[in-house]
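Structural overview for review
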Amino acid sequence: MTDQQSVTSDYIERDQAEPSGTGLAIPDQRLPERLYLLPINNRPFFPAQVMPVVVNEQPWADTIDKVANTEHKALSLFYLDQAAPASGELTPDMLPETGCAVRIHHAVREDGKIQFIAQGLTRVRIKKWLSRKPPYLVEVEYPSTANDERDEVRAYAMALINAIKELLPLNPLYSEELKNYLNRFSPNQPSPLSDFAAALTSAKAGELQDVLNTVPVLRRMEKVLVLLKKEIDVARLQGEITAEVNRSISEHQRTFFLKEQLKVIQKELGLSKDDRTADIEQFRERLADKQVPEAAQKKIDEELNKLSVLETGSPEYAVTRNYLDWATSMPWGITHADKLDIPHARKVLDRDHDGLDDVKQRILEFLAVGALKGSVSGSIILLVGPPGVGKTSIGHSIAESLGRPFYRFSVGGMRDEAEIKGHRRTYIGAMPGKFVQALKDVGVMNPVIMLDEIDKLGSSHQGDPASALLETLDPEQNNQFLDHYLDVRLDLSKVLFVCTANTLDSIPAALLDRMDVIRLSGYITEEKLAIAKHHLWPRQLERAGLRKSQLRITDKALRQVIEGYAREAGVRNLDKQLAKLVRKSVMQLLESPEQKISIKPDDLTALLGSPAFKTEKRLKGTGIITGLAWTSMGGATLPVEATRIHTLNRGFKLTGQLGAVMKESAEIAYSYLCANLKAYKADQAFFDEAYVHLHVPEGATPKDGPSAGVTIASALLSLARQQAPRTGLAMTGEITLTGHVLPVGGIREKVIAARRQNIQELILPDANRGDYDELPAYLREGMQVHFARHFRDVAAHLFP
């Protein structure tokens, strides 16, 4: 014990007498061989520390009392890296190798806790457990930590001192701990210096315990220096973050104070106004150069007067200000000068669209009337056609040819009439209608406004938008259009409205009556080829960032894409197929950047897969006729089949998802032929005994329309005569009970569908002769058309 006592004597505070009144003053400096043990949880305790320690009164009160009754007042503290059991029971394997012997001072009990000052003395290790239940008594030994005078130790000591000096300015708390240390130890003592430096850091408990376990001074100093350097880096980074935050806050505060001072100075000098005055002046400035109608000006003045007396923080102020913001933003009296140049318009339409000659001519006629009159107004154009034929792009071209701003919004699925005519201002979040928003965005009173998908308007409990559009699209009424939000009359008569639709069936008759209908039919292969070459393919190359020299496609390949992969009426699917070709080719170019690709017909299957449309084998034989039909997607061929099932009884069966109109056509055709078989050289008793089944293939597709009567009658006549009709011929038309052939619609679409199927001979109603003659020459070229007034004319061509 003498060697250990000589070592520990350096650690013991010279002034031992403490007038504490607690009975914990230590009369001598000797450390015993037996110490009571107390676990601590936060972090290991070091010999160079003097710190408060707080423990639970239960179960450690007995331990503190027994220590207080000893002569030396010493206790061993061991770090426990897990929470101590409530009973306080410990096992030797729960404690680390080394702890710290401390003297306790000023023990105080309060609220179930015991707090005392722990004065670190020296390292301690357990030799033997004398008590296995609290209070724990252990036999201990004190590892030797004699001073080491080697140069390396002195160098490390200097490094530690320099690191502590570097750490002091970063945190003022470190300087207080340094004062306590210097009161007890000399800076030249390396062992307590390293312990003090370790205790100074915020390292993890495991790292600190490793330092406490290390008795040799040099190794201990090496570990502590690393921890100290980490602490310096963390403290420096924290200081930088704090400085940056303070700098940012200071800048904001400075800016705020300067702005507030500037406001006060400007107000004192009369150079600035409050928010309300500034708002009113801003609204008046907006109206300075506008020609506001008298009624609208009166309404705006009333709202401005209301704004001038309202408090800026009131909800009514925000509502009034929002109203004035919209009302003064309207382009009252501002119009855009029209560019009524017919050659320019023709050039724009030809540049943007291939084909559609009749549509472009109709638009030019419309513009020519405007050029003669001096302004284009009073007409609402409705572009009707299948998807992908260019309805929206024609609207863009009309706006560009006139030089007017263009605004487009879709009304498809719109169910709330407030979207058209606006909400009343009494509602929270009220907004004007789409037309007011359009005029505000374009900044003129005569833009081109496109209403897309007008055939898909909905209706609900919130109103009927289609009915709300009646006032908007009526040239006789829209000069007094009333938006519910603005509550003033707007003149929409100068706006050119262009609407688009796929079909007319779902558009209310009253709304349709207000529009000038222009039909856009589907494209034939030649037109699609021109569109692909001049528009679609160059656009796809541009989107992919390719040059024309890098990727080419032959005309034969383009034609095969059109006929095998994109045979529908429009060109949207064709655009998708060309985009797919470009994507596949880009993959090849990335692998071999120097190559140049030319797409030929033989490459299409590998790039696009098997063709979706194959060359159809035309149905032929007795009772089979090819008809022509119109659909919202364009024209289509529609084969009709009739067969006799048996002769046991008379009957007539229809299949193929036929609508009510087509069923009526079939009944009429059946009745007419039953009454007139003799006139067509057929067995008069054929239908008296035959059970006939009439079928229109593609049964899963619903079909309806008043244009299949002639086709059905022809199929039944072929069956009754037991004679196959001529092949390569298609027909359309409706039949009456007396055999007359009635006119039908969609002649252009049906002719295009026949050309798409390479059918060159048609039978059309004589009443549609004018519709056929109006078709472009390229559609009529090579076609042989027979016009029929009566079904006898049809039969004469089928069975010559």
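The structure this text deals with has already been given above.
Read on for an overview of the structure.

The rules we used
- In this numbering scheme, every chain counts its residues from 1 along its sequence in written order.
- Whole-chain, interface and lining totals are the exception, using all residues; otherwise, since this is a predicted model, local features are given only for residues with pLDDT of at least 70 and side-chain atom pairs are given and counted only at 80 or more.
- Hydrogens and water molecules were not included; the side-chain quantities draw on all heavy atoms of the structure.
- Note on terminology: a nonpolar core comprises buried Ala, Val, Leu, Ile, Met, Phe, Trp, Tyr and Cys residues joined through side-chain atoms within 4.5 Å.
- The rule is simple: take the accessible area with a 1.4 Å probe, protein chains only, and divide by the maximum for that residue type; under 20% is buried, over 50% is exposed, in between is partly exposed.
- Contacts: residue pairs with any heavy atoms within 4.5 Å of one another.
- Secondary structure elements follow DSSP: runs of H or I of four or more residues count as helices, runs of E of two or more count as strands, with numbering from the N terminus.
- Polar contact criterion, stated in full: a pair of N or O atoms within 3.5 Å, where within protein one must be able to donate a hydrogen and the other to accept it, and residues adjacent in sequence count only if both atoms are side-chain atoms.
- Structural elements are reduced to axes, namely lines fitted to C-alpha atoms, with helices fitted over the stretch in contact, and the angle between N-to-C directions of any two is expressed from 0 to 180 degrees.
- What makes a crossing left-handed is the near helix being turned counterclockwise from the far one by less than a right angle; a clockwise turn instead makes it right-handed.
- Here a cavity denotes grid points, spaced 1 Å and computed from the protein atoms alone, that fit a 1.4 Å probe unable to get out, and a pocket denotes an open set having protein on both sides within 12 Å along at least 5 of 7 lines; residues with an atom within 4 Å of a point are the lining.
- Grid points are joined across faces, edges and corners, and a volume is the space filled by probe spheres set on the points.
- When residues are grouped by polarity, Ala, Val, Leu, Ile, Met, Phe, Trp, Tyr, Cys and Pro land in nonpolar, Asp, Glu, Lys and Arg in charged, and all others, Gly among them, in polar.
- Only the six-membered ring of Trp is used, alongside the rings of Phe and Tyr, when aromatic pairs are assigned; centres must lie within 6.5 Å, and planes under 30 degrees apart are stacked while those over 60 apart are edge-to-face, with the rest tilted.
- The criterion is that NZ of a Lys, or CZ of an Arg, lies within 6 Å of the ring centre and within 35 degrees of the ring normal, and then a charge sits over that ring.
- Pairing between two strands is assigned when DSSP locates at least 2 bridges connecting them.

Counting residues in each nonpolar core, the largest one holds 54 residues, and the members touching the most others are F435, I454, L473 and L486. Not counting the four nearest positions on each side in its chain, I454 is found in contact with L382, V411, L469, L473, C499, T500, A501, I507, L511 and M515. Residues V389, L520, L558 and L607 belong to the second largest nonpolar core, which totals 49 residues.

With that settled, consider the environment of P216. Position of P216 among the secondary structure elements: in the loop between helix 6 (205–213) and helix 7 (217–269). For the pair P216 and S144, spaced 72 residues apart in the sequence, the C-alpha separation amounts to 8.7 Å.

This brings us to the environment of K750. Mapped onto the fold, K750 is located in helix 25 (residues 747–756). In this structure K750 comes out as buried when scored by relative accessible area, which is 2%. Non-local contacts of K750, meaning those with residues more than four positions away in its chain, are made with L628, A629, W630, S707, T732, V744 and G745. A polar atom in the side chain of K750 sits 3.2 Å from the backbone oxygen of G745.

Where helix 12 (residues 357–373) meets helix 13 (residues 391–402), the closest approach of the two axes is 12 Å, and the angle between their N-to-C directions is 35 degrees. The two elements helix 12 and helix 13 meet at a crossing, and its hand is right-handed. In contact with V359, I363 and L367 of helix 12, helix 13 contributes I394, I398, S401 and L402.

Moving on to empty space enclosed by the protein. For the structure shown, the criterion picks out one cavity of 30 Å³ or more. If you add up the space inside the largest cavity, you get close to 30 Å³. Together, K339, L340, D341, I342, A345, L367, S401 and L402 line the largest cavity. Contributions of two or more residues to the lining of the largest cavity are made by helix 11 (342–352) and helix 13. Partitioning the lining of the largest cavity into residue classes produces five nonpolar, one polar and two charged.

Where helix 9 (residues 294–309) meets helix 10 (residues 315–329), the axes come as close as 10 Å, and the angle between the chain directions of the two elements is 145 degrees. The crossing of helix 9 and helix 10 is left-handed. In this structure, helix 9 uses K299, I300, E303, L304, K306 and L307 to contact helix 10, whose residues at the interface are E316, Y317, T320, R321, Y323, L324, A327 and T328. Looking at the contact of helix 9 with helix 10 residue by residue, the classes come out as seven nonpolar, two polar and five charged.

Next up on the list: the packing of aromatic side chains. By the definition in use, this model includes 15 aromatic pairs. Judged by centre distance (6.2 Å) and plane angle (45 degrees), the ring pair of W60 and Y136 falls under tilted. Pair noted here: W60 is in helix 2 (residues 57–68) and Y136 is in strand 6 (residues 136–141), with a separation of 76 residues, a long-range link. The class for Y136 is buried, based on a relative accessible area of 0%. An angle of 65 degrees between the planes, with centres 6.2 Å apart, marks the rings of Y672 and Y680 as edge-to-face. As far as burial versus exposure is concerned, Y672 and Y680 are alike and both buried. In textbook terms, an aromatic cluster arises when at least three aromatic residues are bridged by ring pairs, as seen for Y407, F409, F435, F481 and F497. Lying across the ring of Y323, R425 places its NZ or CZ 4.1 Å from the centre. Over the aromatic face of F799 sits the side chain of R721, whose NZ or CZ is 4.7 Å from the ring centroid.

This next bit is on the pairing of strand 5 (residues 113–129). Sheet analysis places strand 2 (residues 50–56) next to strand 5, joined by seven bridges and oriented antiparallel. Across the sheet, residue V50 finds its bridge partner in strand 5, namely Q119. One ladder, built from ten bridges, connects strand 4 (residues 99–110) with strand 5; its direction is antiparallel. Residue pairing for strand 5: E110 is matched across the bridge by K113. Connecting the antiparallel pair strand 4 and strand 5 is a turn made up of two residues, with D111 showing a positive phi of about 55 degrees. Both strand 5 and strand 6 contribute to a ladder of four bridges, which runs antiparallel. Its bridge partner being in strand 6, I126 is matched across the sheet by V140. Between strand 5 and the antiparallel strand that follows it, strand 6, lie six residues.

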